[in-house]
Structures are given as structure tokens and as C-alpha cells.
Amino acid sequence: MVTGATSGIGKATAEILAENGYDLIITGRRTVLLEDLKKALGVKYKCDVLSLNFDIRCREHVETAIDHLPATWKKISVLVNNAGLASGLDLIQNGSTDDWDRMIDTNVKGLLYITRKVAALMMEAKSGHIVNITSIAAKEVYEKGNVYCATKHAVDALTEGMRIDLLPYGVRVTSIAPGMVNTEFSTVRFKGDRERADKVYEGLIPLCAGDVADAVWFAVSRPAHVNINDMLIMPAAQANATIAYRK
Ligand code: NDP
Ligand code: 8X3
């Protein structure tokens, strides 16, 4: 199950899992993109794909979607908690409370709603693997990143908590923390301002979604006795959250 599979890292992760023989549950809000991906993966990799169309912020919709999965689809071996976003980039005193709600509700609460339901299924099966897509923003805090960084720090803490709580049930838990990845992320953060979004990646080669999907696949494909706890993956041109070398 890959959340936020309609674009970027989630879409690339769905593709690499399909390529490696997984059947997939893909989720997102944009129905047309979900259905396009479902069709494309089914044709290219001959896998079964189930699409779930909900806003991860809506607890009732998340719970209903998972409760109503047909029994075979409840055998979820891998959950990639990827759906997430940044909204705005402002000093704390100027931040929009709507942006804050959007980030906290999506990145933290939405992730929790999904995890609670899927973890219960994995516990029953006594196996599973949860991969949380965090960020360099889970490790560092940068100017104007305040609330986004806080949500990703929260997911780092939740990753540890999940690992501890699910330990007796054979459920592995991994966090993957990328630096700059050229996806729709910055366009969403800057509310459709493509010019501003493109500037984020100007003069350097950012990661692409496939680079992060490769890391997910590495973690998921380790032997059953191995858990990758945490991976920090950066573009070679980015030293940390704030220092990048631009030509
Ligand atoms: P994209 O904007 O390309 O993809 C985000 C995905 O999340 C989309 O599929 C979107 O689907 C889904 N999503 C967002 N909000 C909701 C919601 N309320 N309900 C359901 N689905 C939602 O960005 P990325 O691929 O870059 O982002 C994926 C993850 O990677 C995020 O958690 C992000 O924080 C993290 N990340 C990104 C980095 C980057 O530089 N790009 C770096 C580090 C981490 P839809 O709109 O269809 O609902
Ligand atoms: C997205 C990368 O550097 O904007 O998580 O925090 S960054």
C-alpha cells in the first residue's frame, strides 16, 4: 500500500514495487491520476492494483476505506506512508494557521489514521513493513521551515514509537529521509507558483522521485531478519538542509 501515489515519490515507489512483483493498493485524492496509474501498472507489470480515493486528513474516510477492503487485500505486507506536503514558507510570526493545519493534519494525523488501521492488520498477520517518508526536515530545522520541520520531526518520533510497539509482532519499521527531490512538492508548497518552485532546484541536480523509490525498495527487499532503521538520502550537491552548491 502506497499513500500519495498520484505523483512524485509515491508514484515512483508504486512503480518499483509493481516491477518487483507486488500487487498494489494506491491512494490519493486525484481520481483521474489514480486511475491512470492503476491502468498503466496493470498493463506494464501485469499486477493487480486497487485504488483508494480519499483525503488522508479525513479519519472516517480512511477507516471506512481500510475496513471495507476485500479480505485478500487486507494482507498488506508493505505500507509506504508517503502522502504529505509542505504548505507555505514563512517566519513563525507570519505563518498562516490554515497552512499549519494542512501540514499537521496531513503529515502527522493522516499518517497516524492510516498506520493505526494497517498496523492492526500487520499485527494479526505477525509480519509487515512500514516505511515512513520523512525528510531532511525531520533531522534539521531551517529558516521558515518551522511547522513543516515539526511535522517531519514528529514522524521521526512516530517511526521510533512504531518500531518499539510493533517489535513483538514481526513488523519492521523504516524511515527514509530525502533532501531536495524534484516532484510537485515545491509547486504545492508555493501554491502553484511554478517559477518560485523551479528556483528551489536551480543550478543543481536534485534527487528524482526514482532515487527515493530505489531507497524504499532497498529497505523493503532486505532479508526478513534485517531492518533498515533510517536512511538519509541527499543530492550530491546538497550538504544539509541549508547548504547547497549551485553552479
Ligand atoms: P508530491 O506533491 O509530488 O506528492 C505528494 C503526494 O501526496 C501526492 O500523491 C498527493 O496526492 C498526496 N497527498 C497530499 N495531500 C494528501 C491528502 N490530504 N490526502 C491524500 N493524499 C495526499 O510530493 P513528493 O512526492 O515530493 O512528496 C511525497 C513525500 O515526500 C511527502 O511526505 C514529502 O513531505 C516528502 N518529501 C519530499 C521531498 C521533496 O523535496 N520533494 C523531500 C523530502 C521529503 P493527491 O494530491 O492526489 O491527494
Ligand atoms: C522536503 C525537503 O528541504 O524542503 O522535505 O525540507 S525540504
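Engineer: Any chance you could explain the overall build of the protein here in plain terms?
Structural biologist: Each helix and strand in the protein was counted, giving eight helices and six strands. When the helices and strands of the protein are listed from N to C terminus, the series reads α-β-α-β-α-β-α-β-α-β-α-α-α-β. For the protein, whose C-alpha radius of gyration is 17 Å, the value lies close to the compact-globule estimate of 18 Å for 247 residues. Here the C-alpha coordinates of the protein stretch approximately 50 × 40 × 35 Å along the principal axes. Across the 247 residues of the protein, 49% fall into the buried class. Excluding contacts between residues fewer than 6 apart, the proportion of contacts in the protein whose partners are at least 24 apart in sequence is 71%. On the protein, roughly 12,000 Å² of surface is accessible, and the fraction owed to carbon and sulfur atoms is 54%. On the protein, the mean spot of the 29 positive side-chain charges and the mean spot of the 29 negative ones are 2 Å from each other.

Engineer: Looking at this structure, how should I read the site of ligand 2?
Structural biologist: In the vicinity of ligand 2, the contacting residues are S135, I136, A137, Y142, Y148, F185 and R189. At 2.6 Å, a side-chain N or O of Y148 approaches an oxygen atom of ligand 2. A distance of 3.4 Å separates an oxygen atom of ligand 2 from a polar side-chain atom of R189. Residue composition of the shell around ligand 2, by class: five nonpolar, one polar and one charged.

Engineer: Got a minute to help me understand helix 4 (residues 97–125) in this structure?
Structural biologist: The α-helix advances 3.6 residues per turn, and as a result positions three or four apart in sequence lie on the same side. For helix 4, with 29 residues, the first-to-last C-alpha span of 40 Å sits near the 42 Å given by 1.5 Å per residue. Of all the bends in helix 4, the largest measures some 35° and sits at D105. Looking at where helix 4 begins, the residue whose side-chain oxygen comes 3.2 Å from the main-chain nitrogen of D98 is S96. Taken from the residues just after helix 4, K126 is the one with a positive phi, measuring 55°.

Engineer: How should the pattern of salt bridges be read in this particular structure?
Structural biologist: Where charged atoms from two side chains of opposite charge come close, those side chains can pair. Applying the stated rule across the entire model yields 10 salt bridges. For E15, the salt bridge goes to K44, with nearest N and O atoms at 3.2 Å. Taken together, the residues E15 in helix 1 (residues 8–19) and K44 in helix 2 (residues 31–45) connect sequence positions 29 residues apart. A residue is classified by how much of its surface remains accessible, and E15, at 28% relative accessible area, is partly exposed.

Engineer: Explanation requested: the site of ligand 1 in the structure shown.
Structural biologist: Taken together, 30 residues lie near ligand 1, and T6, S7, R29, Y148 and T183 sit nearest. Between an oxygen atom of ligand 1 and a main-chain N or O atom of I9, the distance comes to 2.8 Å. At a separation of 3.2 Å, an oxygen atom of ligand 1 approaches a polar backbone atom of E184. A total of 880 Å² of accessible area belongs to ligand 1 in isolation, and the protein chains cover 96% of it. For the shell around ligand 1, the class distribution of residues is 12 nonpolar, 12 polar and six charged.

Engineer: Which parts of the structure should I look at to understand the sheet that holds strand 6 (residues 230–233)?
Structural biologist: By way of backbone hydrogen bonds, the strands of a sheet pair with one another, either parallel or antiparallel. Reading across the sheet, the four strands line up as 3-4-5-6 and stay open at both edges, with parallel pairing between neighbours. For this open sheet the edge positions go to strand 3 (78–81) and strand 6, each flanked by a neighbour on one side alone. In this sheet, adjacent strand axes meet at a mean angle of 15° when their direction is disregarded. Of the strands in this sheet, strand 3, strand 4 (128–133), strand 5 (171–178) and strand 6 touch helix 8 (residues 209–220), which is tilted by about 160° from strand 5.

Engineer: Quick question: what am I supposed to make of the environment of A224 here?
Structural biologist: Secondary-structure assignment places A224 in the loop between helix 8 and strand 6. Given a relative accessible area of 70%, A224 falls into the exposed group. Separated by 52 residues in sequence, A224 and R172 place their C-alpha atoms 8.7 Å apart.

Criteria and thresholds
Residues numbered from 1 in each chain as written. Chains lettered and ligands numbered in written order. Predicted model: local features only at pLDDT ≥ 70, side-chain atom pairs only at ≥ 80, totals over all residues. Heavy atoms only, no water. Helix = DSSP H or I, 4+ residues; strand = E, 2+ residues; numbered from the N terminus. Rg over C-alpha atoms; globule rule 2.2 N^0.38 Å. Buried < 20%, exposed > 50% of the residue type's maximum accessible area, 1.4 Å probe, protein only. Contact = heavy atoms within 4.5 Å. Areas by Shrake-Rupley, 256 points an atom, 1.4 Å probe, with all protein chains shown as cover. Lys, Arg positive; Asp, Glu negative; His and termini not counted. Charge placed at Lys NZ, Arg CZ, Asp CG, Glu CD. Near = heavy atom within 4 Å. Polar contact = N/O pair within 3.5 Å; in protein donor to acceptor, adjacent residues only side chain to side chain. Nonpolar A, V, L, I, M, F, W, Y, C, P; charged D, E, K, R; others polar. Expected span 1.5 Å × (residues − 1). Bend = angle between axes of the 7 residues up to and from the residue. Salt bridge = Lys/Arg side-chain N within 4 Å of Asp/Glu carboxyl O. Pairing = 2+ DSSP bridges. Axes fitted to C-alpha atoms, helices over the stretch in contact; angles between N-to-C directions.

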